[in-house]
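The primary structure of each chain is shown beneath.
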Number of protein chains: 2
Amino acid sequence: MTKKLETFLERLETTNTVDDLSSLADILRDTYDVKNVSYLATNLNGLPFVSSTYDPKWAQHYEEQKYMLIDPVVRGALMQFNPLDWKRLDWSSKRTRAFFNEAVDFGVGQQGYTIPIRGPNGQTAIFAINHDSNDAGWERYIGEHAHDFMLISHYFHQKALAATHTTEPIEGRDLSPRELDVLKYLGIGLSRGKVADILKISEHTLRVYVDSARYKLGALNTTHAVAIALARGVISV
Amino acid sequence: MTKKLETFLERLETTNTVDDLSSLADILRDTYDVKNVSYLATNLNGLPFVSSTYDPKWAQHYEEQKYMLIDPVVRGALMQFNPLDWKRLDWSSKRTRAFFNEAVDFGVGQQGYTIPIRGPNGQTAIFAINHDSNDAGWERYIGEHAHDFMLISHYFHQKALAATHTTEPIEGRDLSPRELDVLKYLGIGLSRGKVADILKISEHTLRVYVDSARYKLGALNTTHAVAIALARGVISV
DNA sequence: TTCTCCCTCCCCTAAAATAGGGAGGGCTGC
DNA sequence: GCAGCCCTCCCTATTTTAGGGGAGGGAGAA
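Keep in mind that this is a model prediction, so the values were computed, not measured.

What counts, and at which threshold
The numbering scheme is per chain: residues are counted from 1 as the chain's sequence reads. Labels are handed out in written order, letters beginning with A for the chains and numbers beginning with 1 for the ligands. Per-residue local features of the predicted model are confined to residues with pLDDT of at least 70, and side-chain atom pairs are confined, for both listing and counting, to 80 or more; whole-chain, interface and lining totals are unaffected and use all residues. Note: side-chain values were computed over all heavy atoms of the structure, leaving out hydrogens and water. Source of the domain bounds: an automatic or database domain assignment. Each residue is placed in one exposure class: buried if its accessible area under a 1.4 Å probe, protein chains only, is under 20% of its type's maximum, exposed if it is over 50%, and partly exposed if it falls in between. Secondary structure elements are taken from DSSP: a helix is a run of H or I of four residues or more, a strand is a run of E of two residues or more, and numbering for both begins at the N terminus. Only when DSSP finds a minimum of two bridges between them are two strands counted as paired. Every residue pair with non-hydrogen atoms within 4.5 Å of one another is taken to be in contact. Buried area is calculated as the accessible area (1.4 Å probe) missing from two parts once they are joined, with the contributions of both summed. Just to be clear on terms, a salt bridge is a Lys or Arg side-chain nitrogen sitting within 4 Å of an Asp or Glu carboxyl oxygen. Polar contacts, as counted here, are pairs of nitrogen or oxygen atoms within 3.5 Å of one another; within protein the pair requires one atom able to donate a hydrogen and one able to accept it, and residues that are adjacent in sequence qualify only if both atoms are side-chain atoms. Residues are grouped as follows: nonpolar covers Ala, Val, Leu, Ile, Met, Phe, Trp, Tyr, Cys and Pro; charged covers Asp, Glu, Lys and Arg; every other residue, Gly included, is treated as polar. Nonpolar cores are built from buried Ala, Val, Leu, Ile, Met, Phe, Trp, Tyr and Cys residues. Side-chain atoms within 4.5 Å join them into one set.

**A short note on the domain arrangement of chain A**
- The assigned domain composition of chain A is domain 1 (3-163) and domain 2 (177-232).
- On a C-alpha basis, the centres of domain 1 of chain A and domain 2 of chain A stand 38 Å from each other.

**What about the pairing of strand S1 (residues 36-44) of chain B?**
All names here are of chain B.
- Among the nine residues of S1, eight are classified as buried, and the element is accordingly described as predominantly covered.
- Looking at chain direction, S1 and strand S5 (residues 124-131) are connected through six bridges and run antiparallel. Each residue of the ladder has a partner; that of Tyr39, found in S5, is Phe127.

**Points about the interface of chain A and chain B**
- The partner chain B presents 44 residues to the 43 residues of chain A that form the contact.
- Of the roughly 3,700 Å² buried where chain A meets chain B, counting both sides, 65% is carbon and sulfur surface.
- At the boundary of chain A with chain B, the tally comes to zero salt bridges.
- On inspection of chain A and its partner chain B, the count reaches five residue pairs in polar contact (both at pLDDT 80 or more).
- Listed by contribution, the elements that provide at least two residues to the side of chain A that touches chain B are helix H1 (3-13), helix H4 (72-78), strand S4 (111-118), helix H6 (135-163), helix H7 (177-187) and helix H10 (222-232) of chain A.
- Here the side of chain A that touches chain B gets eight residues from one element, more than from any other, and that element is H6(A).
- For the side of chain A that touches chain B, the residue count by class is 26 nonpolar, 14 polar and three charged.

**Here's the deal with the nonpolar core**
- One finds Tyr39(A), Phe127(A), Tyr39(B) and Phe127(B) to be the most contacted residues of the largest nonpolar core, which totals 70 residues.
- Dropping the residues within four chain positions of it, Tyr39(B) is found in contact with Leu44(B), Phe49(B), Val50(B), Ser51(B), Ile117(B), Ala125(B), Ile126(B), Phe127(B), Phe156(B), His157(B) and Ala160(B).

Below is the structure:
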C-alpha cells in the first residue's frame, strides 16, 4: 500500500456524513497532487451527488446545462467497465470538442482518467482525476497510481452509499422462482401470451405471478416491476 | 504492489481466451495459498461463466440444483456493494446452514470472502476465496490481502468481459432527450397518460417517442425498451 | 397442526399498447 | 441549402394488458 493511499484511508475513517464526503475530493487533490478530483454519483437515493474540486462556476454551469447527459466522459465511462483515459475518447464529434474546450476554460485539466463504479441497485458513479501535463508524463503518472485510484474510487463510493443510507438491504420478500421467470421473460420483450407458452402455464396463471411480483416489489405496473427487478439485479436483460 | 499481485498480473497479460480464464482460479489459489478461489459471472453474453478450484462434483451439483438462486453467499454479495465475509451472513435460516454444510462436505472451506463486481449491462459477477482457518487467522489474512483481492476481482472480470466479447460498445443511435424523458417516467411506473401530462405533450406525441425509442433500442415493446435503457444505464429507477 | 407461501386455473371490463397511415416547423451539420 | 433528425400533433383499427374478483392443492415452517 502506498503512503498516499494510507493517508487517504486514515482520513476516510472519520468520514461519515455527506458533508465529510464533500471535502474528500479536496483532500485527494492535495494528496495526489493533481489539478482536480471529482466524484459524481448519478443515483444515490434517487438523487445525484457530487464531490469535486472543480470551480463552482463550472459545477453550476454543468448542472444548469444538464451536461451530465452529453458529457462524453460520463457517457463513455458509464458504458464500459474499464477506467477511461480521456485521450481515448472519440474526439471526432464537434460537440465533444466544444464541450471539452468549455471545460478547459473553466479550469478543467487537459488530461483525465475516469473510473466507473457501480452499486447493486443502479447506484452508478464515476470517479475522475485530471491534470495538466504532457502525454508521457500523464501515462507514467496513471501507470503508477491506477491501482490506488481504483481502490479509492471504490472506497469513496462505499462511503457515499453509507452516508446516504443507500446500503441498507432492501426490504420486502424475495421473488419466487416463477415470479423471476415471468419477469425475466417479460424483461426481454416477450408478450404475456408468449411467456405463458414458454413456461407452459396459462396466461391467467402468469398474470398472478406478475401481480404478486408487482406487489412484492412495490411496483405500480408490469413495466415498473421489470424495471425494479432489473435495478435490483434479480433479473438481467 | 505486492509480489503476489505482480505475479498474477504478469500471468494475466497472456490471458485472452475463455480457456485461459478457467485456469486463473487455480493460479490464484496457488499464488495466494488458499483452499479455493472462484469467479462466477451471472450474465456474460446472457450465459453464466464459472472459473473455480472447487471439486467438479460440487460445481456440477451446484449447477444441477440451481444453487445459484439460493446460495446465501451469492445472494448476499449481489445485494450489496462491499465485499462480504461469510461469517457476517445471516446464519439463522436452517436452509442456509444446510446448504453450507453440504458445501463443506464437498471440500469448500469454512472461511470465505466474496467480492461482488458489476459491469455496465447487468454483467454481475462475484469473486470469492475461501480457506480453512480460525477466525483470527482469517481476519488477519483478509486484512493483509483485501486490496489485492479487490483489484484481482476487477481484473478478472475485465478479462472475462473481454474474452466473451462483452466489452464492445453498444451499437445504435443515442436516444433524444424527449425519448429519455418518456422512458424515465415509464420506468418509474407511470401510465402513458400521466407521462404525457407531466411532459405537457399529447399522448399521441408521447407514443411517437416510445416508438422511436423502441426502434432505436431494438426493443420488442415498451417494457423491453425500458429494460434495455435501464441496462444501458441511460435511465435509472 | 395450523399458517403461510407457492403454484395453478378461471371469470370479467376498461385501459393501454401496438400497428398502420398522415402532417408541419425547427435545428444542425456538411 | 439540403439532408437528417427532433419535436409536435392527428386518424383508425386490433390486440394485449391491467386490475378486480374467486378457488383449490401442496410444501414447508413455527
